[in-house]
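# Topology and contacts: notes
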Amino acid sequence: MNEKTMNRPLSEAERALVERYHSLIYRVIGDLHLGADAAADLYGDAALGLVFAAQQYLTEERLQKYRFSDVAYSRIRNALLRQRHKARKAPVVLSLDAWQKDGSTLYDVLPDDRNADPAEIVTRKEHKQVLRQHGVRSCKVYRFPVYAAPGKEAA
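Note that the structure is predicted; figures quoted are calculated from it, not measured.

Rules used throughout
- Residues numbered from 1 in each chain as written.
- Predicted model: local features only at pLDDT ≥ 70, side-chain atom pairs only at ≥ 80, totals over all residues.
- Heavy atoms only, no water.
- Core = buried A, V, L, I, M, F, W, Y, C linked by side-chain atoms within 4.5 Å.
- Buried < 20%, exposed > 50% of the residue type's maximum accessible area, 1.4 Å probe, protein only.
- Helix = DSSP H or I, 4+ residues; strand = E, 2+ residues; numbered from the N terminus.
- Contact = heavy atoms within 4.5 Å.
- Axes fitted to C-alpha atoms, helices over the stretch in contact; angles between N-to-C directions.
- Parallel < 35°, antiparallel > 145°, perpendicular 65-115°, else oblique.
- Left-handed = near helix turned anticlockwise from the far one by under 90°.
- Expected span 1.5 Å × (residues − 1).
- Bend = angle between axes of the 7 residues up to and from the residue.
- Polar contact = N/O pair within 3.5 Å; in protein donor to acceptor, adjacent residues only side chain to side chain.

### With respect to the nonpolar core
Judged by nonpolar contacts, the single largest core of 23 residues is most densely connected at Leu50, Phe68, Ile76 and Leu80. Contributing elements (two or more residues each) for this core: α2 (12-20), α3 (23-31), α4 (36-59) and α5 (68-89). The dominant element in this core, judged by the number of residues it contributes, is α4, at eight residues.

### Some details on the environment of Leu58
Here Leu58 lies in helix α4. Overall, the relative accessible area of 35% leaves Leu58 in the partly exposed class. Each residue touching Leu58, except ones within four places of it in the same chain, is listed here: Ala13, Glu14, Leu17 and Gln64.

### Some points on the packing of α3 against α5
For the pair α3 and α5, interaxial distance at closest approach is 10 Å and the crossing angle is 55°. As the angle between them shows, α3 and α5 are arranged oblique. For the pair α3 and α5, the sense of crossing is right-handed. Between α3 and α5, the contacting residues are Leu24, Ile25, Arg27, Val28, Ile29 and Asp31 on the first element and Ser69, Ala72, Tyr73, Ile76, Arg77 and Leu80 on the second.

### A closer look at α4
Between its terminal C-alpha atoms α4 stretches 34 Å, which fits the 34 Å expected from 24 residues at 1.5 Å a residue. In α4, a bend of some 50° at Leu42 exceeds every other bend along the element. All of the buried residues in α4 are Ala39, Leu42, Ala46, Gly49, Leu50, Val51, Phe52, Ala53, Ala54, Gln55, Gln56 and Tyr57.

### As for the side chain of Glu14
Its place among the elements puts Glu14 in helix α2. The exposure class of Glu14 is buried, given its relative accessible area of 3%. Side-chain polar atoms of Glu14 contact the backbone nitrogen of Ser11, separated by 2.9 Å. Residues in contact with Glu14, not counting those within four places in the same chain, are Arg8, Pro9, Ala54, Gln55 and Leu58.

Dropping the structure here:
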């Protein structure tokens, strides 16, 4: 949708098209095999796709050689797929220290047992930094516990 179509009310002809073809939204959602939760979340985007199709269809002559239902189906489908693509591309942030329902953390379920200890991960990162910093091919990094002075926290 562009700025002109977003900021103006629908004409009577556009409103009639949207009302007449409203059921097309459910057909497109069904054809895409979206779950009930996703369909409820994406309904607004599908409705905007239908409104945009009505506005475009009545203002652009090149579209009028097609049936409105074909144009609207395409716009609704594209709006839904675009939103689904954005949702899939959104990063999912997980904390390895977060407690799960069964009382474990994600550290407990990692398939690689090398990642079980957070200090081990830090040691491997430090190892890579030393290699890069000094330009050597191999080295060993040892991590010793640091004990704090009385009344202060350990580093």
